[in-house]
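# Residue-level structural notes
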Amino acid sequence: MKRHTTLLMWLLALSILVFFFLNLLLGSVHIPARSVWNVLLGIEGESEIVTNIIMKSRVPQALTAVVAGAGLAVSGLQMQTVFRNPLAGPSVLGISSGASLGVAFVILLSGTIGGVALSKLGLMGELALTIAAIVGALSVMALIVYVSQKVKGNVTLLIIGVMIGYIASAVIGVLKFFSVEEDIRAYVIWGLGSFARVSGDQMILFVCIMVVLLPLSCLLVKTLNLLLLGDGYARNLGLNIKQARFLVISCAGVLTAIVTAYCGPIMFLGLAVPHLSRGIFQTSDHRILMPASICIGSSMALVCNLIARMPGFEGALPVNSVTALVGAPVVVYVLFNKRKSEFSE
Amino acid sequence: MKKETIHIEDLSTGYLTKNNRKVVAEHIHASICSGELTCLLGANGVGKSTLLRTLSAFQPKLGGHIRLLGRELESYTDKQLSRIIGVVLTEKCDIRNMLVEELIGLGRSPYTGFWGKLTPEDREIVDNAIHQVKIEHLVGRMIQTLSDGERQKVMIAKALAQETPIIFLDEPTAFLDFPSKVEIMQLLHRLSRETDKTIFMSTHDLELALQIADQVWLMDKTNGITTGTPEDLSLDGSLSHFFARKGIMFDKDTGLFRIDNEFTHAIRLDGCGQKYSMVRKALQRNGILASRHVGVNYSVETGNLDKEGFILHCPDEEALHVSRIEELIAEIEKRRGQLPPAEELKK
């Protein structure tokens, strides 16, 4: 059993490397594997165009996918555990709606009030969007964390989160109604999600933030394991429920907020990956599930990015559609298999 | 061996909201001893769970004192309490994909380090707990594949692994079938003796509690809490008073409750042993008072276990032989109108 787990974990880690390399290799422009290798190792002699495509486009995209996938998966796992609800995910508390609201304000209002369509602002516009998304997501999160300290039941908190999501959507709807078509289009495209939006320095910043946050969220494994038992038992075992909830929701919230700010609301990964990890590893021990979710989340994000960019689609497929199209059948398959093994026992 | 571990003085339990103080029970005086199984009995809504939650420090008390091992409950930190009180709750936890031994291992959490990793000593304590509850055969099973009874045993093992001198159980037998109820109660009784722990549980299983518990707490709205051994409470009338209501009778000879039947007719019953009592029981259920002290023309002869069947004697009829109680009852029912009424006989 233990050996089995270690082996699986290594395989998953290996799969990240494989998919990462495939992400660099495949794309609309054909680049031979040898050239990719040379560029990566810094060996001179490749054309500037090839170097640029790989270093400025494919590497940032793949890196973004790796950390975003991992972040969403961890956030989803934490949400499912703290709410003891298999349908919970990063988007459940309205945190991604908060990000959307922030972005909607910037995109839709700047066009209407300022008279300048944001799409024409270039880099400045991108930065404004990221900041707006982070502000929106974090303010909703602050609200949720505040509420979580006030209400007792998890279900109540969950419902309040969903309600906040609805309010955000409603406000966005109103904003859309008063906006020009061009801006609405820009907003819709943001909402489709993409790993390609982040570039240059911002990408480095994003990756750095996530590289700090992901290990930090792993510090909560004992808390999460205790929360599995339910509030009564967890409390009896010395866990401060309020504090635990605060930490877990803040952690999951910040992860979601930052990923959403940089990549748009990426659906499904956060919900599906924890189920996959549980299905594959047949455990609910977060000491295993946490690294497993990180690995599977990264791999799945890379695969989805690969499919979205497949030759022929030319970036026409939004990441959000791909995550659901690829993820949903996989989850159904895993759940079906699990059922069978349960019945046979 | 027997030592007072929990002392309760003038305790009030209930809920505090912003501008409301809702008292559920007050003026509770009692103590609980180690090495004993104490059962808390009472109707729904009388405050059993609130009392248990207050004692486990899940909710604040409204007044009075609770002393655990000689110290006020409030003076303990959460961490300290997790090493003093272990709980088993009614709620069925829907944990999936967790092994039995992993769950019991979580009982070690108050002692484990930052990552919750079990040391070899912790594993030994977990094995010990499994051994004490006798669930070796469940090791390696996933929690979701267990029956309710097995799951409760695992939770009890978890509480044992927690190594607390006190264990509180809130209706641990609530969803179990009868044999599992008996098994859990006997297990708890045995554990209280073997481990010298203080075990306090609430339950609705009156009959079992009266047979297995060392101490019984009767909780009700008017009298508060009455404590004592089931036998003492039976002698001083507290028990019959406590459950006095139509249809339930406290049988002072056995110290147990039984259903109080109303009799319409009577019949004489001759015989002895098991067959006699079974026929009597069946007739009682049908509202017919049957006894060897009744002197009427209609009579049933049961004989003892060596003889087969039953004989029904009626005046002006031949003796009727039947092989099963079911047939006997049917025959008597046919003649029910002719049987003398029970009321007259009582006079």
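Residues numbered from 1 in each chain as written. Chains lettered and ligands numbered in written order. Predicted model: local features only at pLDDT ≥ 70, side-chain atom pairs only at ≥ 80, totals over all residues. Heavy atoms only, no water.

### Some remarks on the overall build of chain A
Inclusion rule: Runs of H or I in DSSP of at least four residues are treated as helices and runs of E of at least two as strands, each being numbered from the N terminus. In this description the radius of gyration comes from C-alpha coordinates, and the expected globular size is given by 2.2 Å times residues to the power 0.38. To sort residues, take the accessible area from a 1.4 Å probe on protein chains only and compare it with the maximum for the residue type: under 20% means buried, over 50% means exposed, and anything in between is partly exposed. Any two residues having at least one pair of non-hydrogen atoms within 4.5 Å are treated as being in contact. Residues scored as positive are Lys and Arg, those scored as negative are Asp and Glu, and His as well as the terminal groups of each chain are ignored. Working definition for charges: the position is that of NZ of Lys, CZ of Arg, CG of Asp or CD of Glu.
The helix and strand inventory of chain A stands at 14 helices and zero strands. In chain A, the order of α-helices and β-strands from amino to carboxyl end is α-α-α-α-α-α-α-α-α-α-α-α-α-α. In terms of overall dimensions, chain A is globule-like: its C-alpha atoms have a radius of gyration of 21 Å, near the 20 Å expected for 345 residues. Referenced to the eigenvectors of the C-alpha coordinate spread, the extents of chain A come out at roughly 65 × 55 × 35 Å. When burial is assessed residue by residue, chain A has 54% of its 345 residues classed as buried. Within chain A, contacts between residues separated by at least 24 positions form 78% of all contacts whose residues are at least 6 apart in sequence. Chain A carries 22 positive and 13 negative side-chain charges, and their two centres are separated by 15 Å.

### Structural notes on the domain arrangement of chain B
Convention followed: The split into domains, and so the bounds of each, comes from an automatic or database assignment of domains.
In terms of domain boundaries, chain B breaks down into domain 1 (4-247) and domain 2 (265-346). Domain 1 of chain B and domain 2 of chain B are separated by 47 Å when their C-alpha centres are compared.

### Quick notes on the interface of chain A and chain B
Note the following rule: Joining two parts hides part of their accessible area as seen by a 1.4 Å probe, and the buried area is that hidden amount summed over both. Any pair of nitrogen or oxygen atoms within 3.5 Å is treated as a polar contact; in protein, a donor-acceptor pairing is required on top of that, and neighbouring residues in sequence qualify only through side-chain atoms on both sides. Ten residue types, Ala, Val, Leu, Ile, Met, Phe, Trp, Tyr, Cys and Pro, are classed as nonpolar, four, Asp, Glu, Lys and Arg, as charged, and the remainder, Gly among them, as polar.
The partner chain B presents 35 residues to the 26 residues of chain A that form the contact. Together, the buried faces of chain A and chain B total about 2,600 Å²; carbon and sulfur atoms form 53% of this surface. A per-residue breakdown of the area chain A buries against chain B is headed by A:Lys222, A:Tyr233 and A:Asn236, which together make up 28% of the total. There are 11 residue pairs in polar contact (both at pLDDT 80 or more) connecting chain A and chain B. For the side of chain A that touches chain B, the secondary-structure elements that each account for two or more residues are helix 9 (221-227), helix 10 (231-236) and helix 14 (319-344) of chain A. Of the residues contributing to the side of chain A that touches chain B, the split by class is eight nonpolar, eight polar and 10 charged.

### Details of the side chain of B:Lys197
All names here are of chain B. Threshold: Note on definitions: salt bridges are taken to be side-chain nitrogens of Lys or Arg within 4 Å of carboxyl oxygens of Asp or Glu.
Positionally, Lys 197 belongs in the loop between helix 6 (178-195) and strand 8 (198-203). No salt bridge is formed by the buried Lys 197; its nearest oppositely charged neighbour, Glu 163, is found at 6.8 Å. Setting aside residues up to four positions removed in sequence, Lys 197 forms contacts with Ser 34, Gly 35, Glu 36, Leu 160, Glu 163, Thr 164, Pro 165, Ile 167 and Ser 192.

### Quick notes on the sheet that holds strand 1 (residues 4-17) of chain B
Residues and elements named next belong to chain B. Test applied: Pairs of strands are assigned from DSSP output, requiring at least two bridges between the strands. Orientation is described by lines fitted to C-alpha atoms, with helices fitted over the stretch in contact, and by angles between N-to-C directions that extend from 0 to 180 degrees.
Here four strands make up an open sheet; going across it, the order is 2-1-4-5 and the pairing antiparallel. Sheet topology places strand 2 (20-33) and strand 5 (71-72) at the edges, where each strand pairs with a single neighbour. One ladder, built from five bridges, connects strand 1 with strand 4 (residues 63-68); its direction is antiparallel. Bridging from a neighbouring strand, Glu 9 pairs with His 65 of strand 4. Helix-sheet contacts for helix 1 (residues 48-55) involve strand 1, strand 2 and strand 4, and the interaxial angle to strand 1 is about 110°.

### Describing the sheet that holds strand 14 (residues 288-291) of chain B
Residue and element names in this part refer to chain B. Pairing in this open sheet of five strands is mixed, and the strands run 14-13-15-16-17 from one edge to the other. Either end of the sheet is taken by a strand with one partner, and the two such strands are strand 14 and strand 17 (320-322). The sheet shows a mean angle of 25° between the axes of neighbouring strands, taken without regard to direction. Contacts between helix 10 (residues 273-285) and the sheet are confined to strand 13 (265-271), strand 14, strand 15 (299-303) and strand 16 (310-313), with strand 13 contributing the most and set at about 170° to the helix. Across the sheet, helix 11 (residues 325-334) lies against strand 13, strand 14, strand 15, strand 16 and strand 17, angled at about 10° from strand 16, the strand it touches most.

### Comments concerning a nonpolar patch on the surface
Condition: Like-charged residues are merged into a patch within 9 Å and nonpolar side chains (Val, Leu, Ile, Met, Phe, Trp, Tyr) within 5 Å, provided each residue has over 30% relative accessible area and no salt bridge. In these tables, accessible area is a Shrake-Rupley quantity obtained with a 1.4 Å probe, and a residue counts as shielded only by the protein chains included in the view.
Taken together, the side chains of A:Leu7, A:Leu11, A:Leu14, A:Leu17 and A:Val18 define a hydrophobic patch exposed on the protein surface, amounting to about 500 Å² of accessible area. Note on placement: A:Leu14 falls in helix 1 (residues 2-25).

### Concerning the pattern of salt bridges
Residues and elements named next belong to chain B. Under the definition given, this model contains 18 salt bridges over all chains. The closest approach of N and O atoms between Arg 67 and Glu 72, which form a salt bridge, is 2.9 Å. What you see here is one network of salt bridges that share partners, running through Glu 9, Lys 61, Arg 67, Glu 72 and Glu 74.

### A closer look at the pairing of strand 11 (residues 248-251) of chain B
Pairing of strand 11 of chain B with strand 12 (residues 256-259) of chain B involves four bridges; the strand directions are antiparallel. The residue bridging B:Met249 from the neighbouring strand is B:Arg258, located in strand 12 of chain B.

### Concerning the confidence of the model for chain A
Quick reminder of the rule: By definition, pLDDT measures how confident the predictor is in each residue, and it falls between 0 and 100.
Of the residues in chain A, 91% have a pLDDT of 70 or more, and the chain-wide mean is 85. The secondary structure element of chain A with the lowest average pLDDT is helix 14 of chain A, at 72, and the one with the highest is helix 9 of chain A, at 95.

### Quick look at the packing of aromatic side chains
Ring pairs (aromatic) are described by centroid distance and by the angle formed between their planes. To keep it simple, the criterion reads: Any two of the Phe, Tyr and Trp rings considered here, Trp counted by its six-membered ring, make a pair once their centres fall within 6.5 Å; the pair's planes then place it as stacked at under 30 degrees, edge-to-face at over 60, or tilted in between. To sit over a ring, a charge needs its Lys NZ or Arg CZ within 6 Å of the ring centre and within 35 degrees of the ring normal.
For the structure shown, the criterion picks out seven aromatic pairs over all chains. When the centroid spacing of 5.3 Å and the interplanar angle of 85° are considered together, the rings of A:Phe177 and A:Phe178 count as edge-to-face. On the accessibility criterion, A:Phe177 (70% relative accessible area) is exposed. Between B:Phe168 and B:Phe200 the ring centres are 6.0 Å apart and the planes differ by 75°, which places this aromatic pair in the edge-to-face class. Residue B:Phe168 is found in strand 7 (residues 166-170), and its partner B:Phe200 is found in strand 8; the two are separated by 32 residues along the sequence. Considered together, B:Phe168 and B:Phe200 belong to a single accessibility category, that of buried residues. Pairwise contacts between aromatic rings join B:Phe168, B:Phe200 and B:Trp217 into one cluster. Across the ring face of B:Tyr276, the terminal group of B:Arg292 is positioned such that the distance to the ring centre comes to 4.3 Å.

### Section: the nonpolar core
Selection rule: Remark: nonpolar core denotes a set of buried residues (Ala, Val, Leu, Ile, Met, Phe, Trp, Tyr, Cys) joined through side-chain atoms within 4.5 Å.
Judged by nonpolar contacts, the single largest core of 188 residues is most densely connected at A:Phe206 and B:Ile104. In terms of residue count, the dominant contributor to this core is helix 3 (residues 48-82) of chain A (16 residues). Sequence-distant contacts of A:Phe206, that is, excluding residues within four places in its chain, are made with A:Thr64, A:Val67, A:Ala68, A:Val198, A:Ile258, A:Val259, A:Tyr262 and A:Cys263. With 18 residues, the next largest nonpolar core counts B:Val279, B:Tyr298, B:Leu328 and B:Ile329 among its residues.

### Concerning the pairing of strand 13 of chain B
All names here are of chain B. The condition that has to hold: When the strands point away from the viewer and the connection leading from the first strand across the helix to the second strand turns clockwise, the crossover is called right-handed.
Where strand 13 meets strand 14, four bridges bridge the pair, whose relative direction is parallel. Note on strand 14: the bridge partner recorded for Ile 267 is Ala 290. In the classification by handedness, the crossover that spans strand 13, the intervening helix 10 and the parallel strand 14 is right-handed. The sheet contact formed by strand 13 and strand 15 spans four bridges and is parallel. Directly across from Gly 271, in strand 15, lies its bridge partner Gly 303.

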